[in-house]
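In case you want the letters, here they are:
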Amino acid sequence: MGHTRSLGGRSERDWRNLVDSVADKVCVPFLGAGVSQGLPTGTALAKHWAERIRYPYPDVHNLAGVMQYAVVMEFQHDANRLKRELARTVFAQAALTTDQLDIHHLLARCDLPLYLTTNYDGFMVEALRRKGKSPSWNVSPWYSSGVDDDDERRPPLPEGEPTSQQPLVFHIHGRYTIPHSMVLTEDDYIDFHVKHVRDGMRKGLTPADDRSSIIPSYVRARLRRAPLLFVGYSLRDSTFWTLFKSLMLGLHDGQRSTHVCLQLDPAIRRKASVRDYLERRLGRQQIQIFWMPLEQFTTKLEERLAEER
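Computed from a prediction, not measured in an experiment: that's the story for all the values here. (Residues numbered from 1 in each chain as written. Predicted model: local features only at pLDDT ≥ 70, side-chain atom pairs only at ≥ 80, totals over all residues. Heavy atoms only, no water.)

Peer 1: How would you summarise the packing of helix α2 (residues 42-53) against helix α4 (residues 79-91) if you had to cite specific residues and measurements?
Peer 2: Close contact between α2 and α4 brings their axes to 14 Å; oriented N to C, the two are set at 120 degrees. As far as their axial angle goes, α4 and α2 are oblique. For the crossing formed where α2 meets α4, the hand is right-handed. Contacts from Leu45, Trp49 and Arg52 of α2 reach α4 at Leu82, Glu85, Leu86 and Val90. (Axes fitted to C-alpha atoms, helices over the stretch in contact; angles between N-to-C directions. Helix = DSSP H or I, 4+ residues; strand = E, 2+ residues; numbered from the N terminus. Parallel < 35°, antiparallel > 145°, perpendicular 65-115°, else oblique. Left-handed = near helix turned anticlockwise from the far one by under 90°. Contact = heavy atoms within 4.5 Å.)

Now the structure itself:
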């Protein structure tokens with residue numbers, strides 16, 4: 001394959017690597033808030049609530065900080081009541097678009113066994129069902145104290161490994177149908193990452209431990225060896241960096257796959273110095289950046305996958 005730069009600033013070889021990993025069903029999509037059309041972005045939601053609760057700090061775009069303030073000052077430290085309100089008024093009202101070039105629909109057509117998301121919505125599960133799949137879904141039990149009734153609304157993990165016909169959608173930061181599973185406030189993020197680090201220090205985790213582990217053994221093992229496709233994340237978002245670094249912890253360079261991150265921010269795309277910095281920084285982590293709008297990326301990937309069929 002040649003190395004000539006193509007659409008989005010990536011070489012033909014880069015596109016070939018991505019397409020091959022999807023066609024071979026080894027790629028794991030990792031979906032962030034930027035893919036959920038019809039739902040407010042984290043920044044928009046933060047600014048709305050900052051105005052509503054008269055948030056006194058300048059970082060009105062910081063959703064975790066704004067929600068932490070709301071819990072303390074407006075909800076009398078009852079974070080679950082705030083989460084139930086958000087689940088009812090924002091996420092339960094949202095619907096998956098019927099546009100077949102929506103990234104959820106495209107990924108559902110890829111026949112992959114595993115999908116990861118930090119989103120609270122159920123769009124990926126719905127897209128898979130519309131494709132005729134029988135998906136299961138689950139959430140991270142970061143919120144559980146180990147008491148049985150903490151998990152009464154959490155579905156059982158599928159028996160055996162997921163398949164392309166019976167894929168698993170794993171919600172790392174919770175799902176709106178289980179409001180208390182949503183990682184939303186600053187305290188939530190701290191608790192999540194403390195427990196994630198704790199799991200990383202435990203030796204010999206087995207599927208029997210999956211009910212209490214932040215990330216099930218199958219998901220954890222696949223994430224550490226598979227190429228990841230990050231879609232809907234900002235490279236300036238600490239959530240992206242924290243998740244990626246914690247998942248890759250302990251792997252030396254020879255064990256790492258090449259990953260792809262779609263960068264959507266048009267302001268960054270226009271700044272050559274910022275692009276160069278991010279290319280260099282992520283290049284050391286074996287992450288390739290595709291600089292293009294989501295719709296353009298989806299169309300291009302669909303075309304390339306069609307050539308493989």
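Peer 1: Kindly report on the environment of Pro179, identifying the contributing residues and their values.
Peer 2: Note on placement: Pro179 falls in the loop between β4 (168-171) and α7 (186-201). Taking the C-alpha atoms as reference points, Pro179 and Arg84, separated by 95 residues in sequence, lie 5.5 Å from one another.

Peer 1: Got a sec to walk through the layout of surface pockets? Specific residues and values, please.
Peer 2: When its volume is computed, the largest pocket comes out at roughly 1200 Å³. In terms of lining residues, the largest pocket is bounded by 36 residues, among which Ala33, Gly42, Thr43, Asp237 and Thr239 are the most central. For the lining of the largest pocket, the elements supplying multiple residues, two or more each, are α2, α3 (63-73), α7 and α9 (238-247). Broken down by class, the residue content of the lining of the largest pocket amounts to 13 nonpolar, 18 polar and five charged. (1 Å grid on protein atoms, 1.4 Å probe; cavity = no way out; pocket = protein on both sides within 12 Å on 5 of 7 lines; lining within 4 Å. Points joined across faces, edges and corners; volume = space filled by probe spheres on them. Nonpolar A, V, L, I, M, F, W, Y, C, P; charged D, E, K, R; others polar.)

Peer 1: How would you explain the nonpolar core if you had to name every residue and give the values?
Peer 2: Phe30 and Trp49 are the most contacted members of the largest nonpolar core, which totals 87 residues. Beyond its immediate chain neighbours, meaning those up to four positions away, Phe30 contacts Leu116, Thr118, Ile172, Leu223, Leu228, Leu229, Phe230, Val231, Tyr233, Leu243 and Leu247. (Core = buried A, V, L, I, M, F, W, Y, C linked by side-chain atoms within 4.5 Å. Buried < 20%, exposed > 50% of the residue type's maximum accessible area, 1.4 Å probe, protein only.)

Peer 1: Report on the pairing of strand β3 (residues 136-139), specifying residues and quantitative values.
Peer 2: Here β3 shows a buried face lined by Ser136 and Asn138 and a second buried face lined by Trp137 and Val139. Bridge analysis of β3 against β4 gives four bridges, and the strand direction is parallel. What sits directly across from Trp137, in β4, is Val169. (Pairing = 2+ DSSP bridges.)

Peer 1: Any chance you could break down the side chain of Thr185 for me, citing the residues and the numbers?
Peer 2: Structurally, the position occupied by Thr185 is in the loop between β4 and α7. Residue classification places Thr185 among the buried positions, given a relative accessible area of 3%. Here Thr185 is in contact with Ala64, Met67, Gln68 and Val71, once residues within four sequence places are set aside.

Peer 1: Just give me the short version of the confidence of the model for the protein, but keep the residues and values in it.
Peer 2: It should be kept in mind that the predicted coordinates are not to be read in detail where pLDDT is low. Averaged over every residue, the pLDDT of the protein is 84; residues scoring 70 or more account for 85%. Confidence scores differ between elements of the protein, with helix α10 (residues 266-269) showing the lowest mean pLDDT of 63 and α3 the highest of 97. Confidence drops under pLDDT 50 across residues 1-8; counting only partners more than four residues distant or on other chains, this segment forms 22 contacts. (pLDDT = per-residue confidence, 0-100.)

Peer 1: Would you mind going over the pattern of salt bridges in detail, with residue names and values included?
Peer 2: Using the criterion set out here, one finds nine salt bridges in the structure. Between Glu12 and Arg304 there is a salt bridge whose closest N-O contact spans 2.6 Å. One end of the pair, Glu12, is in helix α1 (residues 12-23); the other, Arg304, is in helix α12 (residues 294-308), with 292 residues separating them in the sequence. Assessed through its relative accessible area of 8%, Arg304 is described here as buried. Its salt-bridge partner being Lys83, residue Asp188 comes within 2.9 Å of it at the nearest N-O pair. Of the two residues, Asp188 is situated in helix α7 and Lys83 in helix α4; the sequence distance between them amounts to 105 residues. The exposure classification of Asp188 matches that of Lys83, with both residues buried. One network of salt bridges, with partners in common, ties together Glu12, Arg304 and Glu307. (Salt bridge = Lys/Arg side-chain N within 4 Å of Asp/Glu carboxyl O.)

Peer 1: Summarise the packing of aromatic side chains; cite the residues concerned and give the values.
Peer 2: The description of two aromatic rings rests on the distance between their centres and on the angle between their planes. Following the criterion strictly, the structure yields eleven aromatic pairs and no others. Here Tyr55 and Tyr57 contribute two aromatic rings whose centre-to-centre distance is 5.5 Å and whose plane-to-plane angle is 65 degrees, an arrangement assigned as edge-to-face. The exposure class of Tyr57 is partly exposed, given its relative accessible area of 49%. Put simply, the rings of Trp15, Phe290 and Phe297 pair up and form one aromatic cluster. Over the aromatic face of Trp49 sits the side chain of Arg52, whose NZ or CZ is 4.0 Å from the ring centroid. The lysine or arginine in question, Arg175, covers the ring of Trp137, its NZ or CZ lying 4.2 Å from the ring centre. (Phe/Tyr/Trp six-rings, centres within 6.5 Å; stacked < 30°, edge-to-face > 60°. Lys NZ or Arg CZ within 6 Å of the ring centre and 35° of its normal.)

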